[in-house]
Amino acid sequence: MLLWINGPFGGGKTQTAHEIQRRLPGSVICDPEHAGFGLRRMLPPALRDNFQDLVSWRQGVVEVLDLALTQHDGVVIAPMTVTDSGYFEETVGRLRELGHDVRHFTLLAERETVLERLRERSLGHLLQHVGGKNAGLRRESWAVRQLDHCLERLREPEFAEHLWTDHSTVPKTADRIAVLAGLTLRPNNEGALRTRIRQARVGIRHMRFD
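Residues numbered from 1 in each chain as written. Predicted model: local features only at pLDDT ≥ 70, side-chain atom pairs only at ≥ 80, totals over all residues. Heavy atoms only, no water.

## Describing the packing of aromatic side chains
Any pair of aromatic rings gets described here by the distance separating the centres and the angle formed by the planes.
Part 1: Counted under the stated rule, the structure contains three aromatic pairs.
Part 2: Between Phe51 and Trp57, the ring centres sit 5.5 Å apart and the planes meet at 55°, which makes this aromatic pair tilted. With respect to burial, Phe51 and Trp57 carry one shared label: buried.
Part 3: One aromatic cluster is present, built from ring pairs that chain together Phe37, Phe51 and Trp57. (Phe/Tyr/Trp six-rings, centres within 6.5 Å; stacked < 30°, edge-to-face > 60°. Buried < 20%, exposed > 50% of the residue type's maximum accessible area, 1.4 Å probe, protein only.)

## Some details on the environment of Pro187
Part 1: Checked against the element boundaries, Pro187 lands in the loop between helix H8 (170-181) and helix H9 (192-205).
Part 2: Taking the C-alpha atoms as reference, Pro187 lies 7.4 Å from Arg23; in sequence the two are 164 residues apart. (Helix = DSSP H or I, 4+ residues; strand = E, 2+ residues; numbered from the N terminus.)

## A short note on the nonpolar core
Part 1: Leu2, Trp4, Leu65 and Leu95 are the most contacted members of the largest nonpolar core, which has 32 residues in total.
Part 2: For this core, the secondary-structure elements that each account for two or more residues are strand S1 (2-6), helix H3 (55-71), strand S3 (76-79), helix H4 (85-97), strand S4 (102-108), helix H5 (111-120) and helix H7 (142-154).
Part 3: If sequence neighbours within four positions are ignored, Trp4 has contacts with Pro32, Val61, Leu65, Ala78, Met80, Val82, Thr91, Val92, Leu95, Arg103, His104 and Phe105.
Part 4: Grouped together as the second largest cluster of nonpolar side chains are 16 residues, Leu3, Ala17, Leu107 and Ile177 included. (Core = buried A, V, L, I, M, F, W, Y, C linked by side-chain atoms within 4.5 Å. Contact = heavy atoms within 4.5 Å.)

## Quick word on the confidence of the model for the protein chain
Caution applies to low-pLDDT parts of the model: their predicted coordinates are not meant to be read in detail.
Part 1: Of all residues in the protein chain, 87% have pLDDT values of 70 or greater, and the mean over the chain is 88.
Part 2: Counted against residues more than four places away or in other chains, residues 126-140, with its pLDDT under 50, gives 14 contacts. (pLDDT = per-residue confidence, 0-100.)

## Focus: the pattern of salt bridges
Part 1: One pass over the full model with this rule turns up 11 salt bridges.
Part 2: The closest approach of N and O atoms between Arg111 and Glu112, which form a salt bridge, is 3.9 Å.
Part 3: According to the relative accessible area criterion, Arg111 is partly exposed, its value standing at 32%.
Part 4: Of the charged contacts, one joins Glu116 and Arg119 as a salt bridge, the two residues approaching to 3.3 Å between their closest N and O atoms. In this pair, Glu116 and Arg119 are both assigned in helix H5, three residues apart and thus about one turn of the helix distant.
Part 5: Take Arg119: its relative accessible area is 27%, and that puts it in the partly exposed class.
Part 6: When salt bridges that share partners are traced, they join Glu19, Arg22, Arg23, Asp175 and Glu190 into one network. (Salt bridge = Lys/Arg side-chain N within 4 Å of Asp/Glu carboxyl O.)

## Re the environment of Gly38
Part 1: Relative to the assigned elements, Gly38 resides in helix H2 (residues 32-42).
Part 2: Assessed through its relative accessible area of 29%, Gly38 is described here as partly exposed.
Part 3: For the pair Gly38 and Phe51, spaced 13 residues apart in sequence, the C-alpha separation works out to 9.2 Å.

## Some details on the packing of H3 against H4
Angle between the axes and distance between the axes: these two values describe a pair of packed helices.
Part 1: It is at 9 Å that the axes of H3 and H4 come closest, and there the two elements cross at 15°. Relative to H4, the element H3 is oriented roughly parallel. At the point where H3 passes H4, the crossing takes the right-handed sense. Contact residues: H3 offers Trp57, Arg58, Val62, Leu65 and Asp66, while H4 offers Tyr87, Glu90, Thr91, Arg94 and Leu95.
Part 2: Partitioned by chemical class, the residues of the contact of H3 with H4 number five nonpolar, one polar and four charged. (Axes fitted to C-alpha atoms, helices over the stretch in contact; angles between N-to-C directions. Parallel < 35°, antiparallel > 145°, perpendicular 65-115°, else oblique. Left-handed = near helix turned anticlockwise from the far one by under 90°. Nonpolar A, V, L, I, M, F, W, Y, C, P; charged D, E, K, R; others polar.)

And the structure:
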C-alpha cells in the first residue's frame, strides 16, 4: 500500500508521514522531493524552477515508487504536494494504473493556520532572531507565495480524501489516516516535550536553502 500525503507547503505532510512511519512497523518513507531537488541542483541556477515541470521527475517518481511497492513488504509513505491535475494523473494515477493500492490524503487547514505553522518552523524562529518578526515569512518565500494557489486547488474533489487539521495534532492526524486506510498504528505513548523535540529534528532535517 502507498500512502500519498498531499497538502499545502507547511501543511504538516512531512511531520505526519514521519509520525505514521514511527508507529507503523515495516513502513518506509519514500520522499519524491528528494528526487526533485536532486534534478534541480543539476541545472544552472537560472534554470532552476519548479522541478515538478520536469517529465524526468514525474516518470522517476513513478518508477521508484513502483519499485518500492513491488519489492518492499511494508507500507510506503510519500509526502508530496501536487496541485496540477495532469501531474497528479501522471504520478498517483499512473501508480494506480500499475495495480498498486494507493491511498491519497490531502491535509488542509485555513490560511492563517498554515501561516502560523510556517512561523513555527525552526528556520522561521531562527530568522526572526536575525531579521525581525516576519523575516521567516517574506512574500518571496516559496511556501507563502504558493499557499493561496495550493489551498484553492487542493480543495477540489479530485484531491480527496480531505482531512482538515486546524484543530488536530500531528499524532491525531496520523491516527485518522490510519483508520481510513485500514491500518493499525502503535499507541502514541510519547510525551509532549519529546514529541516537540522529535518534530523539531524532523523539521531541521528537511530544511531547504536552494
